[in-house]
Number of protein chains: 2
Amino acid sequence: MAKPALDAADLRILDALQRNGRLSNVDLAEQVGLSPSPCLRRVRDLEEAGYIQGYAALLDRRRLGFGVVAFVEVKIDQNAEGDARFRQAVERIPEVVSCFVMTGTMDYLLQVVVPDLDAFAEVSMRRLLQIPGVKDVRSSFVLDVVKHGTALPLGR
Amino acid sequence: MAKPALDAADLRILDALQRNGRLSNVDLAEQVGLSPSPCLRRVRDLEEAGYIQGYAALLDRRRLGFGVVAFVEVKIDQNAEGDARFRQAVERIPEVVSCFVMTGTMDYLLQVVVPDLDAFAEVSMRRLLQIPGVKDVRSSFVLDVVKHGTALPLGR
DNA sequence: AGTGAAAGGAGCGATAC
DNA sequence: GTATCGCTCCTTTCACT
């Protein structure tokens, strides 16, 4: 499992694929200036080395009826046991799309996606606040999305 | 542009594709219980109707040298002009991966991805704080990622 | 709407440079 | 390491149910 640094072609492959994950290998090869075979080999290597974790279709949240996005700051009684319990509980809530451990006064930052405020209340009160050790929950709601990216700034 | 509601097969297609955006059409058809032809038609229709906005490769941030993720709350002098200017400025900063208008005391919430703290300082001080109208910037850093999803909770 | 067959093209291995 | 060949399978369209 040696890890030779990525060269310019690898970076171009990654950049192209994070912009369009369904590029066919021939199109990708053309974009990065390789012929298809070595291009495909590189893609496979990048996948196996873990640089590419997977591929996803990006769906239109609103069109699918998920009109509410909230960021929820959570403070818990901090000890190893409580943390583990909280993480497990959060894993099992599909409406919690992301969960980060943060610096600052709040321990966790959660991103929650739900159809409406009723559904949010359900998640907040019936799920999050039920987790033992949760002390404080503060929610902010997304009013507008200026930018929503999945892509890393590889072009820098 | 009529919008007939999605049926169960459509939802299964969307769910499968947001989990694996590179599923071949035959595999997808099998998973959702259709034969390849109608399955492909539905996918095309979902793409054209905007339910599927695109496809992306999900890359391993850390392995690519982006060790720092920050959430930055920004408060600005609020007027139509200042907002427009701020949004345009943010669009042009690739390290700002996401930007939301929020309820609460802070106007914007930005997610910033950079290689290290020096790069963050650069973005924060040389880019964000230079934008006219920016009054307050408060940054929190991600210490650990419990969950990081792109997928909507379609299974509910 | 879904099925089935047929043509074009892509993936992917083998081989040569 | 990269390019070319060739076979197989998928994708995609069309006619039919």
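Residues numbered from 1 in each chain as written. Chains lettered and ligands numbered in written order. Predicted model: local features only at pLDDT ≥ 70, side-chain atom pairs only at ≥ 80, totals over all residues. Heavy atoms only, no water.

(A) A look at the side chain of B:Q111. In this fold, B:Q111 is placed in strand β4 (residues 108-114). When neighbours within four sequence positions are excluded, B:Q111 is seen to be in contact with A:F100, B:V69, B:A70, B:F71, B:E95, B:V96, B:V97 and B:S98. (Helix = DSSP H or I, 4+ residues; strand = E, 2+ residues; numbered from the N terminus. Contact = heavy atoms within 4.5 Å.)

(B) Local environment of the interface of chain B and chain A. On the side of chain A, 63 residues touch chain B, which itself brings 63 residues to the contact. At the junction of chain B with chain A, the criterion picks out two salt bridges. With a shortest N-O distance of 2.9 Å, B:D144 and A:R87 are connected by a salt bridge. Joining chain B to chain A, the criterion identifies 42 residue pairs in polar contact (both at pLDDT 80 or more). Considered class by class, the residues forming the side of chain B that touches chain A number 36 nonpolar, 14 polar and 13 charged. Sheet topology note: the strand β5 (residues 134-148) of chain A/strand β3 (residues 96-102) of chain B ladder contains five bridges and is antiparallel. (Salt bridge = Lys/Arg side-chain N within 4 Å of Asp/Glu carboxyl O. Polar contact = N/O pair within 3.5 Å; in protein donor to acceptor, adjacent residues only side chain to side chain. Nonpolar A, V, L, I, M, F, W, Y, C, P; charged D, E, K, R; others polar. Pairing = 2+ DSSP bridges.)

(C) Looking closely at the packing of aromatic side chains. Within the structure shown, the criterion is met by seven aromatic pairs over all chains. Both rings, one in A:F86 and one in A:Y108, keep their centres 4.4 Å apart while their planes meet at 40°; by these two values the pair is tilted. On the criterion of sequence distance, the pair formed by A:F86 in helix α4 (residues 80-91) and A:Y108 in strand β4 (residues 108-114) is long-range, its members being 22 residues apart. This pair shows no difference in class: A:F86 is buried, exactly as A:Y108 is. Between A:F100 and B:F71, the ring centres sit 5.4 Å apart and the planes meet at 55°, which makes this aromatic pair tilted. Within this pair, whereas A:F100 is found in strand β3 (residues 96-102), its partner B:F71 is found in strand β2 (residues 68-76), the two belonging to separate chains. Put simply, the rings of A:F71, A:F100, B:F71 and B:F100 touch in pairs and so form one group of aromatic residues. It is A:R22 that lies over the ring of B:Y55; its NZ or CZ is 5.1 Å from the centre. (Phe/Tyr/Trp six-rings, centres within 6.5 Å; stacked < 30°, edge-to-face > 60°. Buried < 20%, exposed > 50% of the residue type's maximum accessible area, 1.4 Å probe, protein only. Lys NZ or Arg CZ within 6 Å of the ring centre and 35° of its normal.)

(D) The relation of the copies chain B and chain A, seen in detail. It takes a turn of 180° to lay chain B on chain A, together with a shift of 0.0 Å along the axis; the resulting RMSD is 0.0 Å. These values place the two chain copies in the arrangement generated by a two-fold rotation axis. In terms of proximity to the rotation axis, the leading residue of chain B is B:A56, whose C-alpha is 2.8 Å off the axis. Comparing interface residues between copies, 100% of those in chain B also sit at the interface in chain A, which points to an isologous, same-surface contact. (Least-squares fit on C-alpha atoms with pLDDT ≥ 70 in both.)

(E) Spatial organisation of the side chain of A:E95. Topologically, A:E95 is positioned in the loop between α4 and β3. With near-sequence residues (within four places) excluded, A:E95 lies in contact with A:Q111, A:V112, A:V113, A:V114, A:V123, B:P153 and B:R156.

(F) Fine view of the protein's contact with DNA strand D. Taken together, the residues surrounding DNA strand D are A:S35, A:S37, A:P38, A:R41, A:R42, B:S24, B:N25, B:V26, B:S37, B:L40 and B:R44. By atom count, sugar and phosphate contribute 70% of the portion of DNA strand D lying within 4 Å of the protein. For DNA strand D, a phosphate oxygen lies 2.7 Å from a polar atom in the side chain of A:S35. A:R42 is positioned such that a nitrogen or oxygen atom in its side chain is 2.5 Å from a phosphate oxygen of DNA strand D. When residues of the surface near DNA strand D are traced back to their parent elements, those giving at least two are α3 (36-48) of chain A together with α2 (25-32) and α3 (36-48) of chain B. Sort the elements by how many residues they give to the surface near DNA strand D and α3(A) lands first, with four residues. (Near = heavy atom within 4 Å.)

(G) Geometry of the protein's contact with DNA strand C. Taken together, A:S24, A:N25, A:V26, A:S37, A:L40, A:R44, B:S35, B:S37, B:P38, B:R41 and B:R42 make up all the residues around DNA strand C. Contact distances for DNA strand C include 3.2 Å between a base oxygen and a side-chain N or O atom of A:S37. Considering each element in turn, the surface near DNA strand C owes the most residues, four residues, to α3(B). Its residues assigned to classes, the surface near DNA strand C comprises three nonpolar, five polar and three charged.

(H) Main features of the environment of A:D107. All names here are of chain A. Inspection of the secondary structure puts D107 in the loop between β3 and β4. It is 5.0 Å that separates the C-alpha atoms of D107 and K75, two residues lying 32 residues apart in sequence. Once residues lying within four places of it in the same chain are set aside, the contact partners of D107 are V74, K75, I76, Q78, F100, V101 and M102. A distance of 2.8 Å separates a polar side-chain atom of D107 from the backbone nitrogen of I76.

(I) Examining the packing of helix α1 (residues 8-19) of chain A against helix α2 (residues 25-32) of chain A more closely. Residue and element names in this part refer to chain A. Two elements in contact, α1 and α2, have axes separated by 10 Å at closest approach and are oriented at 125°. One element, α1, and the other, α2, form an angle in the oblique class. You can see that α1 and α2 cross each other, and the crossing is right-handed. Facing α1, whose interface residues are R12, I13, A16 and L17, α2 presents L28, Q31 and V32. Grouping the constituent residues of the contact of α1 with α2 by class yields five nonpolar, one polar and one charged. (Axes fitted to C-alpha atoms, helices over the stretch in contact; angles between N-to-C directions. Parallel < 35°, antiparallel > 145°, perpendicular 65-115°, else oblique. Left-handed = near helix turned anticlockwise from the far one by under 90°.)

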